[in-house]
Amino acid sequence: FTDIDTLYSKDDILALYAAGITTGTTATTFSPNANVTRSQFAVMIARALGVTSNNPTPFTDVQNKWFIKEVQALAELGIVTGATATTFQPGNNVTRQQAATILYRMLKHKGYKSTTTAASLTFNDAAQISDYAKEAIAELQAQGIMTGSNGYVNPKANLTRAQMAKLLKNTADLVGLLD
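**Things to note about the packing of helix α1 (residues 10–18) against helix α6 (residues 161–174)**
If you want to describe how two helices pack, look at the angle between their axes and the distance between the axes. Close contact between α1 and α6 brings their axes to 8 Å; oriented N to C, the two are set at 65°. On the basis of the axis angle, α1 is roughly perpendicular to α6. When the axes of α1 and α6 are compared, the crossing they make is left-handed. Contacts between α1 and α6 involve Asp 12, Ile 13, Ala 15 and Leu 16 from the first element and Met 164, Ala 165, Lys 166, Leu 168, Lys 169 and Asn 170 from the second.

See below:
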């Protein structure tokens, strides 16, 4: 990819690409600053875990879409949830706190045992983290997976493709998915 040469997550991107977990946005570009959608993130998580499902899905907005099998597999495993009982909102961007929650559920699915609590959060903007994501972000922070920027985690900011690569690669490494 011609647009990642000086990027902090270059090695993570290349590792995920080599493992077939992520792709470029073109044959020569990765678009590291582009946001990640819920469907894109679900597909990458499912690829990392090696799961798909042919079961019917309750999510009407993923019917007949290229990502239906991955979204349904992760929903069955409890790794992703719908925005409602019948919608997934696949085109919505993933926030950093949503990504942390999904990655934390992925860790737990692989048998990982938490080592910390939400009380151990040290980010300057910890008060802005939604309650549902505090434990997940605290654990990812404790493991050096989610390091933030200048002391801030920016929980409600959209996740970029560059950030996704670092977070997903480090999470996968923690439970031996890319060995």
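Alright, that's what it looks like, and here's the rest.
**What to know about the nonpolar core**
Phe 41, Ile 45, Leu 74, Ile 137, Met 164 and Leu 168 are the most contacted members of the largest nonpolar core, which has 52 residues in total. Residue assignment for this core shows that the elements contributing at least two residues are α1, α2 (38–49), α3 (68–77), α4 (96–109), α5 (131–142) and α6. Counting residues per element, this core draws most heavily on α2, which supplies 8 residues. Non-local contacts of Ile 45, meaning those with residues more than four positions away in its chain, are made with Leu 74, Ile 79, Ile 102, Leu 103, Met 106 and Leu 168.

**Considering the layout of surface pockets**
Taken as a whole, the largest pocket holds about 200 Å³ of empty space. In this structure, the largest pocket is lined by 13 residues; those nearest its centre are Arg 38, Thr 81, Gln 98, Ile 102 and Tyr 132. Classifying every residue of the lining of the largest pocket gives 4 nonpolar, 7 polar and 2 charged. Approximately 150 Å³ is the volume found for the second largest pocket. In this structure, the second largest pocket is lined by Tyr 8, Arg 96, Ile 145, Met 146, Thr 147, Gly 148, Ser 149, Asn 154, Gln 163, Lys 166 and Leu 167. Sorting elements by how many residues they give to the lining of the second largest pocket places α6 first, with 3 residues. Of the residues in the lining of the second largest pocket, the class split is 4 nonpolar, 5 polar and 2 charged.

About the criteria used
Residues numbered from 1 in each chain as written. Predicted model: local features only at pLDDT ≥ 70, side-chain atom pairs only at ≥ 80, totals over all residues. Heavy atoms only, no water. Axes fitted to C-alpha atoms, helices over the stretch in contact; angles between N-to-C directions. Helix = DSSP H or I, 4+ residues; strand = E, 2+ residues; numbered from the N terminus. Parallel < 35°, antiparallel > 145°, perpendicular 65-115°, else oblique. Left-handed = near helix turned anticlockwise from the far one by under 90°. Contact = heavy atoms within 4.5 Å. Core = buried A, V, L, I, M, F, W, Y, C linked by side-chain atoms within 4.5 Å. Buried < 20%, exposed > 50% of the residue type's maximum accessible area, 1.4 Å probe, protein only. 1 Å grid on protein atoms, 1.4 Å probe; cavity = no way out; pocket = protein on both sides within 12 Å on 5 of 7 lines; lining within 4 Å. Points joined across faces, edges and corners; volume = space filled by probe spheres on them. Nonpolar A, V, L, I, M, F, W, Y, C, P; charged D, E, K, R; others polar.

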